[in-house]
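For reference, the chains in residue letters:
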Amino acid sequence: MFKKFSSEDVSSQNQVKASVQRKIRQSIAEEYPGLEPVLDDLLPKKAPLIVVKCQNHLNLVLVNSVPLFFNIRDGPYMPTLRLLHQYPNIMKKFQVDRGAIKFVLAGANIMCPGLTSPGGALDDEVEAETPVAIMAEGKQHALAIGFTKMSAKDIKAINKGIGVDNMHYLNDGLWKMERLD
């Protein structure tokens, strides 16, 4: 998704109205209840909230020129990895085994066997089409953010094919873009 992302991929930047800002805050609060105590610090009511429209139906939510959330085609908002590293417990987690790490960091989607092998781990409550944090075996921080293609139960049962779409990973274009001016 963000493999070759740069500021040249930006189509437009708009400061959003208060009503749109409230909708964005509300949908983020519903999606990530763990962020509720710090939501006012992350998305202050007085600070201008800027929505950046990019190619491929991608939207970035910026506060003070820092990308905090992104979504695709009006889908659920997903935090950037920098935000996830600050607040690691806001998303459900999947863990990949050691063999999958280099492929995930190259932008590959997460295959079912990498999640079901002895080094992998799944959160059984996760349904299909849910944003998840992708952790690595033996590592502390998330290495990617993904969007599940099938539920955790199906991933275990089928154990073939792509289990999670890799949306944003360490060292991709969005990770390297600390600020968008």
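Details of the structure are given in the entry above.
What you see is a predicted model, and the numbers here were worked out from it, not measured in a lab.

Parameters and conventions
Note on numbering: residues in each chain are counted from 1, in written sequence order. Reporting of local features is limited, given that this is a predicted model, to residues whose pLDDT is at least 70; pairs of side-chain atoms are given and counted only at 80 or more, and all residues count toward the totals for whole chains, interfaces and linings. Side-chain measures here rest on the full set of heavy atoms in the structure, leaving out hydrogens and waters. Strand pairing requires that DSSP identify at least two bridges connecting the strands. Each helix corresponds to a stretch of at least 4 residues labelled H or I by DSSP, and each strand to a stretch of at least 2 residues labelled E; elements are numbered beginning at the N terminus. For a helix, the expected span equals 1.5 Å multiplied by the number of residues minus one. Burial status follows relative accessibility: with a 1.4 Å probe on protein chains alone, a residue under 20% of its type maximum counts as buried, one over 50% as exposed, and anything between as partly exposed. Taken from the helix axis, the directions to the C-beta atoms give the arc we talk about. The contact criterion used throughout is that any non-hydrogen atoms of two residues lie within 4.5 Å. One side-chain nitrogen of Lys or Arg within 4 Å of one carboxyl oxygen of Asp or Glu is enough to make a salt bridge.

**Structural notes on the sheet that holds strand β1 (residues 10-15)**
Next, step 1: Taken together, the 5 strands give an open sheet; going across it, the order is β1-β2-β3-β4-β5, and neighbouring strands pair in antiparallel fashion. Among the strands making up the open sheet, the edge pair consists of β1 and β5 (78-79).

**Topic: helix α1 (residues 18-31)**
Next, step 1: An ideal rise of 1.5 Å per residue puts 20 Å on 14 residues; α1 measures up with 20 Å between its terminal C-alpha atoms.
Next, step 2: Residues Q21, I24, R25, I28 and A29 constitute the buried set of α1. Buried residues along α1 cover an arc of 130° about the axis, so they all sit on one side. Exposed side chains of α1 directed beyond 90 degrees from the buried face belong to R22, K23 and E30.
Next, step 3: Its buried side turned inward, α1 meets α2 (39-42), β2 (49-54), β3 (58-63) and β4 (66-72).

**Observations regarding the pattern of salt bridges**
Next, step 1: Considering all chains together, one arrives at 5 salt bridges under this definition.
Next, step 2: Between E178 and R82 there is a salt bridge whose closest N-O contact spans 3.8 Å. Of this pair, E178 sits in the segment after α7 (173-176) while R82 sits in helix α3 (residues 81-86), and the two are 96 residues apart along the sequence.
Next, step 3: By relative accessible area, R82 is classed as partly exposed at 31%.
Next, step 4: Among the salt bridges present, the one from K156 reaches D124, with a minimum N-O distance of 2.8 Å. Of the two residues, K156 is situated in helix α6 (residues 152-158) and D124 in the loop between α5 (112-116) and β8 (131-136); the sequence distance between them amounts to 32 residues.
Next, step 5: Residue K156 is classed as partly exposed on the basis of its relative accessible area of 45%.

Read these as layout, nothing more, since geometry by itself doesn't imply function.
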